[in-house]
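Given next are the chains, with one letter for each unit.
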Amino acid sequence: PIPVIIDCDTGVDDALALLFAVRHPGLDLRAVTCVAGNTDVDGVVRNTLTVLEQAGAGDIPVARGAERPLIEAVRTARHVHGQDGMGDLGLPAPTRRAVEVDAVTLLRREILASPRPVTLIPMAPLTNIALLLRMYPEVTRGIERIVFMGGAVATGNATPVAEFNVWHDPEAAAILLTAGVPITMYGLDVFQRVLVPAADVQRLRGSSEPALRLAGELLAHRDPATSGDPTPTGGIGDAGAVCAVVDPEGITTRPLPVEVSLAPGPTRGQTIVDRRPRPGESEIHDGPREQQLVDVALDVDVERFVKLYLATLEGV
Ligand code: BDR
Ligand code: CA
């Protein structure tokens, strides 16, 4: 199995991603690190521990990370994810706590201890990852690839042009994008498209297995941010980034320069993706020359990911 670490702000769709990662036989989920985003970091830790417990994976180490972005204030998305940050489903409190060490320390430890290079899957503001890269740059030798949910080629959600995870901590996202390891950007353009049909959601809700029921309830949670529609959407959201690790051929990517707007004002947090034809380096007349190219997901095979998601959860 592929060794992976998830960095999250659980979060309705982060929870869907955790359920998938725990159940997919091709993944070895070595740790989960938490960061402020959809809700405050203590809420994120609580939600993450609860979900893992419901999934029968109460032994995976979970660490508490940054409680605020590098520069910005915390701006939660409780209006989308509910007061508890995870759909207000009335889930039980977890029976264990986060590990003693902080998220950055746990990330470093797990990355360097892994016998095979780790795939990092950040699906939240990138504060923990930026701190990791700055504090322990040696970790890059233990990272196979970073597949992150964040950014948008076209339209944003937090603002007209900025996606929430990047907008919440733009400086951290800018650090990630120059990490010097292969990066895949699973942005809003694909994120918003993977929707589970209502009949499947209902089947999950009616399951006798708690983890499947939980997935059903989470999928039925109204998430206007991912649908623009007030009715239940079935969006798997962040889980799509994990699908892209298991099944990279489910997305179509192109290696492109991506820059984060750090300017104050209406573009702050926008990911500017340069899709102009690039016949040769010498023909680029502007922009930084040493910019790292990012594999940007431009298309997704929706049916394939929905099938993968459901089959993995239901074990068929
Ligand atoms: C991202 O923001 C969060 O609300 C979701 O969990 C997802 O990671 C989408 O913009
Ligand atoms: Ca998230």
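Relevant structure appears above.
What you see is a predicted model, and the numbers here were worked out from it, not measured in a lab.

## Examining the sheet that holds strand β5 (residues 143–149)
- Judged by pairing direction, the sheet is mixed, and its 9 strands sit side by side in the order β3-β2-β1-β4-β5-β6-β9-β7-β8 without closing on themselves. Two strands bound the open sheet, and with one partner strand each, they are β3 (62–64) and β8 (271–273). For this sheet, the mean inter-axis angle between neighbouring strands, taken without regard to orientation, is 30 degrees.
- As defined by bridge partners, strand β1 (residues 2–8) adjoins strand β4 (residues 118–122) across 4 bridges and the pair is classed as parallel. Considered in β4, the bridge of V4 is made with T119.
- Packed on one face of the sheet, helix α4 (residues 103–113) meets β1, β2 (27–34), β3, β4 and β5 and runs near 160 degrees to β2.
- Where helix α12 (residues 239–246) meets the sheet, its contacts fall on β1, β2, β4, β5, β6 (183–186), β7 (251–260) and β9 (293–300), and the angle it forms with β5 comes to roughly 145 degrees.

## Considerations on the site of ligand 1
- In the region of ligand 1, 16 residues are neighbours, and G11, D13, A77, F164 and D238 sit closest.
- Those elements that provide at least two residues to the shell around ligand 1 are α1 (12–23) and α6 (164–168).
- Its residues assigned to classes, the shell around ligand 1 shows 7 nonpolar, 5 polar and 4 charged.

## A word on the nonpolar core
- By size, the foremost hydrophobic cluster in this structure holds 106 residues, and its most contacted members are I6, A17, L18, L19 and L176.
- Here this core takes 9 residues from α1, the largest share from any one element.
- With sequence-adjacent residues up to four places away left out, L19 is seen in contact with V51, A55, A211, L214, A215 and L313.

## Digging into helix α2 (residues 41–54)
- For α2, spanning 14 residues, the distance from its first C-alpha to its last is 20 Å, which sits close to the expected 20 Å at 1.5 Å a residue.
- Positioned one or two residues after α2, G56 has a phi angle of 75 degrees, which is positive.

## Looking at the packing of α1 against α12
- Running from N to C, α1 and α12 cross one another at 30 degrees; their axes reach a closest spacing of 7 Å. One element, α1, and the other, α12, form an angle in the roughly parallel class. Of the residues in α12, those in contact with D13, L16, A17, F20 and A21 of α1 are A239, A241 and V242.
- Of the residues contributing to the contact of α1 with α12, the split by class is 7 nonpolar, no polar and 1 charged.

What counts, and at which threshold
- Residues numbered from 1 in each chain as written.
- Chains lettered and ligands numbered in written order.
- Predicted model: local features only at pLDDT ≥ 70, side-chain atom pairs only at ≥ 80, totals over all residues.
- Pairing = 2+ DSSP bridges.
- Helix = DSSP H or I, 4+ residues; strand = E, 2+ residues; numbered from the N terminus.
- Axes fitted to C-alpha atoms, helices over the stretch in contact; angles between N-to-C directions.
- Contact = placed C-beta atoms within 7 Å.
- Near = placed C-beta within 6 Å.
- Nonpolar A, V, L, I, M, F, W, Y, C, P; charged D, E, K, R; others polar.
- Core = buried A, V, L, I, M, F, W, Y, C linked by C-beta atoms within 7 Å.
- Buried ≥ 20, exposed ≤ 12 C-beta atoms within 10 Å, placed from the backbone.
- Expected span 1.5 Å × (residues − 1).
- Parallel < 35°, antiparallel > 145°, perpendicular 65-115°, else oblique.

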